[in-house]
Amino acid sequence: MLPFPTKMKIVCAILLMSASLLGTSWGLSSKPPCRPGFSESFYSVFVSRDILQGQSSLKDTAGPSGRVIFEECQNSEPVGFGSHAPNFSMQTKSRGLDTPVWENTVKLALVEHTPSPTVTQTTEKEGVSTEPKSQPSIIMFPWKQRQNPSIPRRQKRDWVIPPINVPENSRGPFPQMLVRIRSDQDRDIQIRYSITGAGADQPPTEVYNIDPVAGKMFVTKPLDREERSSYHLRAHAVDMNGNKVENPIDLYIYVIDMNDNRPEFRKQVYNGSVDEGSKPGSYVMKVTANDADDDTTANGMVRYRILSQSPRSSIPNMFTINSETGDIVTVAPGLDRERVSQYTIIVQATDMEGNLNFGLSNTATALIAVTDINDHPPEMTSRTFSGEVLENREDLAVANLTVIDLDQPHTPNWNAVYRIIGGDPSGHFTVRTDPITNNGVVTVVKPVDYEMNRAFMLNVVVSNQAPLASGIPSSSLSTAGVTISVVDVNEPPVFPSNPKIIRFEEGVPAGTTLTTFSANDPDRLRHQTVRYAKLSDPADWLRINNTNGQIVTMAVLDRESIYVKNNVYEATFLAVDNGSPVASGTGTLQIHLLDVNDNAPELQPREAQMCERTRTNGINVTASDADAEPNVGPFVFELPTFPLSVRRNWTISRLNGYYAQLRLRIPHLETGVYEVPVIVTDSGNPPLSNRSLIRVKVCPCDENGDCSSVEAVAAAGLGTGAIVAILICIIILLILVLLFVMWMKRKEKERQTKQLLIDPEDDVRDNILKYDEEGGGEEDQDYDLSQLQQPESLDHIITKPPGVRRVDERPMVSESQYPVRPALPHPGDIGDFINEGLRAADNDPTAPPYDSLLVFDYEGSGSTVGSVSSLNSSSSGEQDYDYLNDWGPRFKKLADMYGGGDDD
């Protein structure tokens, strides 16, 4: 007996048919085309374990149901079969090298005492398995022969268990039995069966279960192939003690696909484009739909077709679609964006290879934009245009050229470009494109002169930014003539040379005629008169003749003046005509002043410092000259012959043409300030000399050659008198500061000791008194404060609504009684009186706080406060005020005023 392989592949080869036979058998007809091949994609065959070598397991290839079937077409060549399994052989026929090959898989499963092989077929359309209907399949664990140990034993082999096919979306009832598993040892011992793996004890759990005693395996709920297409389980057999009886066997469960998913487009709306005028067969776009079903079966094979096209236009079927790839192409000419700019196509995708009766469908929208090409040249609306321009104007629009272009606006196929091809040799005009309207705007870029050209005849051509499409001719309306009339205006007079440059030596006397600065009137045909005037003359050196423009000096011209910049003096003049309106022009006169030697050199520096004893170093001096070359250096430095002491004490030596050194001739010179005259002569023609004084400070020096501080001060010219004057000024300033401080302290003391009352001589009746003290201030009053706090009548307060009260009204609560104040308290009791009054006010709950805002704004009749008019001053003399003398100095003024009796 031969060992069984796990699976066997059957290879079928058929010779290629001729082209005529292919055309005959696969020609277009109403019937589906004949395609050679196996009837199913997978076969499972049950065979007996006692099969012998040479015994047939697959009897033929064209038998009834239950066998492996190969479809052959009419007039086809004979088919040869072969096997890749080394333990199986098939009758073969020779075939060519280019013969097509079909492959399929047959899985063989061993069963006990099977009289003939049984083939399990999988039908794609129904999605169910055709199995022996009498009993469910029984899967046996691998068999081993029990024999005497002395007899050789057969080697144990694993059986090939055929896969279990379960259709998805089954309606049950559940649990639904799939297969029974049993061991051949169940006759001797009790066996318990179990399954493990994904779908049993691993996620997703409880999809499959098994009867542990009978070994029946069930599926517990409907399956979904799109979620999981197969399961791999392992079946186990153990005894009652849990000991392994058989080796585990693998169970493969395949979920058979059902057509339960519609094709889904990746996008609901697709956007594509195609150029107008495209030829038939031009590619436009691609649409794609995916089907979740098995794409190796008809359930997942999608086909496309176009349902509708909008607008239909003159050609209802402008596009077609490849049914398998989804590519959309054009099938007819006539795409014109100016007629139809966009097409809307409804595309349908259907599975089951496009079978509308059994397949599921879905739709999507394809928007196809017809892109523009430059197939319409721009055309002017008129062959002639006109405009006018004022002379001497620029950057001014003078004419508008209107154009029509049927291409897509604001694209290079529509944007107009204008060119002047004739009539403007000097380039006075240009044509600019209006970006919004696409019209051409004729603009002056260089001023025109009426006296030179009274009109222009321009030839303008218009084109697009993009060239015209191939085969599109240009239009005759792309060229037009433009007439520009020039309008004469009164032009201002023009100075021929502006600025006008003349050269004169400085020092020219007043009244000298420099030049004639005249202007020309461009309006030659008007014969106008020009007058002149001075507009700008910074130094007021010039005047101009108002009729002929002659310029005469009024003062001497000086090159060294502050009004001369870089040897040039500049003045501006005005020329005015008598036209209507009056026009004026300006001209600039630049006078280059040539230098003459009119400035003597000046010695530099004017002050210096040196030691009282002779040193090797001296004072380096130079000179400055306001003139220009060659009237400046080199300079000649020398000491005058008078006074004699100059040359006796000092000496000067030339370093170069511009520097000299002044040194002491004698060994020692007294400390002080010396004015040394030096004569400096320039190199002008004739040369000029200048006697200048240099102020030399002679002082004793330290070892470094620097003047000491004290001697330097003395050397600076500050004598004893100057130092004394400075010290006196400092002392006077300190005295003034001291007096100011003493005066401020005295004012502060007077303010602190200022008496409270005013002298009797002051008339207080008509004076404005300033009361700037807050809080207290009542200690020198002899009237009872309670009269101001306790109103005689409270009716107006009682009648007020609750919650509304003036801040100067007393609340309606019981209050403490103030102590009775004697009419004439003893002078020694005044302090006690004030303290008692303060204590009473602090303990009074009805009194406002010390810093509260008190409002005393009620006057007139009806006031609850009694009148104070009774507090009159009495001059009857009945009251004695002599006790005021005993109250201390603060009441001395009152004692003097009222205690004197008849003395006043």
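In this text the structure is predicted, and so the values were computed from the model without any measurement. (Residues numbered from 1 in each chain as written. Predicted model: local features only at pLDDT ≥ 70, side-chain atom pairs only at ≥ 80, totals over all residues. Heavy atoms only, no water.)

(A) A look at the overall build of the protein chain. Within the protein chain one finds 8 helices and 49 strands. Burial status across the protein chain gives 34% buried among its 904 residues. (Helix = DSSP H or I, 4+ residues; strand = E, 2+ residues; numbered from the N terminus. Buried < 20%, exposed > 50% of the residue type's maximum accessible area, 1.4 Å probe, protein only.)

(B) Layout of the packing of aromatic side chains. Scanning the entire structure with this criterion turns up 13 aromatic pairs. Considering the side-chain rings of Phe265 and Tyr304, the 6.4 Å spacing of their centres and the 50 degrees angle between planes classify their relative orientation as tilted. On the criterion of sequence distance, the pair formed by Phe265 in strand S17 (residues 264-265) and Tyr304 in strand S21 (residues 303-310) is long-range, its members being 39 residues apart. Here Tyr304 falls in the buried class, since its relative accessible area comes to 8%. When the centroid spacing of 6.1 Å and the interplanar angle of 85 degrees are considered together, the rings of Phe517 and Phe573 count as edge-to-face. In this pair, Phe517 sits in the loop between strand S36 (513-516) and strand S37 (530-536) while Phe573 sits in strand S40 (residues 568-577), placing the two residues 56 residues apart along the sequence. (Phe/Tyr/Trp six-rings, centres within 6.5 Å; stacked < 30°, edge-to-face > 60°.)

(C) The arrangement of unusual backbone geometry in detail. Geometrically, the link from Phe174 to Pro175 is a cis peptide bond, its omega value of -5 degrees lying close to zero. For Pro175, the position within the fold is in the loop between strand S10 (164-167) and strand S11 (176-182). Cis rather than trans, the peptide bond between Glu629 and Pro630 has omega equal to 5 degrees. Checked against the element boundaries, Pro630 lands in the loop between strand S44 (619-624) and strand S45 (636-638).

(D) The arrangement of the sheet that holds strand S22 (residues 319-321) in detail. Reading across from one edge, S19-S23-S22 is the order of the 3 strands in this open sheet, with antiparallel pairing throughout. Each edge of the sheet is formed by a strand with only one pairing partner; in this case those strands are strand S19 (283-286) and S22. Along the sheet, successive strands turn relative to each other by an average axial angle of 25 degrees, direction set aside. Relative to strand S23 (residues 327-330), S19 runs antiparallel, the two being bridged by 3 bridges. Each residue of the ladder has a partner; that of Tyr283, found in S23, is Val329. (Pairing = 2+ DSSP bridges. Axes fitted to C-alpha atoms, helices over the stretch in contact; angles between N-to-C directions.)

(E) Region of interest: the UniProt feature "transmembrane region" (unreviewed entry) in the protein chain. The residues that UniProt annotates with the feature "transmembrane region" (unreviewed entry) are residues 722-744. Between the end C-alpha atoms of residues 722-744 there is a gap of 34 Å, over a span that is 100% helix and 0% strand. (UniProt positions renumbered as here; feature names shortened; annotations may be inferred.)

(F) Focus on the sheet that holds strand S49 (residues 689-699). The strand order across the open sheet formed by 4 strands is S43-S49-S48-S45, and the pairing between neighbours is mixed. Each of the sheet's edge strands pairs with one partner strand only, and the pair in question is strand S43 (607-611) and S45. Ignoring which end each strand starts from, the neighbouring axes of this sheet average 35 degrees apart. Note: strand S48 (residues 672-681) against S49, 10 bridges, orientation antiparallel. Along S49, the bridge assignment pairs Val676 with Ile694.

(G) Summary view of the environment of Asn453. If you trace the backbone, Asn453 turns up in the loop between strand S32 (440-444) and strand S33 (455-464). Taking relative accessible area as the criterion, Asn453 reaches 32% and is therefore assigned partly exposed. Spatially, the C-alpha atom of Asn453 lies 9.5 Å from that of Glu391, the residues being 62 residues apart in sequence.

(H) Local environment of the nonpolar core. Counting residues in hydrophobic clusters, the biggest one holds 25 residues, and the most contacted among them are Tyr208, Met217 and Ile253. Among the elements of the structure, S10, S11, strand S12 (192-196), strand S13 (208-210), strand S14 (216-219), strand S15 (230-238) and strand S16 (244-256) are those that each provide at least two residues to this core. Among the elements that take part in this core, S16 stands out by supplying 5 residues, more than any other. Ignoring sequence-local partners within four residues, the contact set of Met217 consists of Ile164, Gln176, Met177, Leu178, Val179, Ile195, Asn209, Ile210, Leu233, Leu251 and Ile253. (Core = buried A, V, L, I, M, F, W, Y, C linked by side-chain atoms within 4.5 Å. Contact = heavy atoms within 4.5 Å.)

(I) Looking closely at the environment of Leu542. You can see Leu542 is positioned in strand S38 (residues 542-544). Sequence-wise, Leu542 and Ala555 are 13 residues apart; in three dimensions their C-alpha atoms are separated by 7.5 Å. Contacts of Leu542, omitting those with residues within four sequence positions, involve Leu514, Lys534, Asp537, Ile551, Val552, Thr553, Met554, Tyr569, Ala571, Phe573, Leu589 and Ile591.

(J) Inspection of the pattern of salt bridges at higher detail. Throughout the structure, instances matching the rule amount to 15 salt bridges. Salt-bridge contacts for Glu338 lead to Arg337; the nearest nitrogen and oxygen are separated by 3.1 Å. The salt bridge partner of Arg559 is Asp595, with a shortest N-O separation of 3.1 Å. Taken together, the positions of Arg559 in the loop between strand S39 (550-553) and S40 and Asp595 in the loop between strand S41 (584-594) and strand S42 (602-604) put the pair 36 residues apart, joining distant regions of the chain. Classification of Arg559 by relative accessible area gives buried; the value is 10%. One network of salt bridges, in which partners are shared, links Arg225, Glu226 and Asp257. (Salt bridge = Lys/Arg side-chain N within 4 Å of Asp/Glu carboxyl O.)

(K) Here's a closer look at the side chain of Ser170. By the secondary structure assignment, Ser170 is in the loop between S10 and S11. On the basis of relative accessibility, which here comes to 18%, the residue Ser170 falls in the buried class. A polar side-chain atom of Ser170 sits 3.4 Å from the main-chain amide nitrogen of Gly172. Separated by 3.5 Å, the side chains of Ser170 and Gln176 make a polar contact. (Polar contact = N/O pair within 3.5 Å; in protein donor to acceptor, adjacent residues only side chain to side chain.)

(L) View of a nonpolar patch on the surface. Taken together, the side chains of Val724, Ile728, Ile731, Ile732, Ile735, Leu736, Leu738, Leu739 and Met742 define a hydrophobic patch exposed on the protein surface, amounting to about 860 Å² of accessible area. With respect to the helices and strands, Ile735 occurs in helix H4 (residues 720-752). (Patch = residues over 30% accessible without salt bridge, like charges linked within 9 Å, V, L, I, M, F, W, Y side chains within 5 Å. Areas by Shrake-Rupley, 256 points an atom, 1.4 Å probe, with all protein chains shown as cover.)

(M) Seen up close, the side chain of Gln528. Looking at where Gln528 falls in the secondary structure, it is placed in the loop between S36 and S37. On the basis of relative accessibility, which here comes to 17%, the residue Gln528 falls in the buried class. In terms of polar contacts, Gln528 uses its side chain to reach the side chain of Asn490, at 3.2 Å. Within polar-contact distance, the side chain of Gln528 engages the side chain of Asp521 at 2.7 Å. Contacts of Gln528, omitting those with residues within four sequence positions, involve Asn490, Asp521, Asp523, Asp577, Asn578 and Gly579.

(N) Representation of the confidence of the model for the protein chain in the model. This prediction gives the protein chain a mean pLDDT of 77; 68% of its residues lie at or above 70. Here residues 111-135 scores under 50 on pLDDT; set against residues more than four positions off or in separate chains, the count is 59 contacts. The low-confidence segment residues 803-809 (pLDDT under 50) makes 12 contacts with residues lying over four places distant or belonging to another chain. (pLDDT = per-residue confidence, 0-100.)

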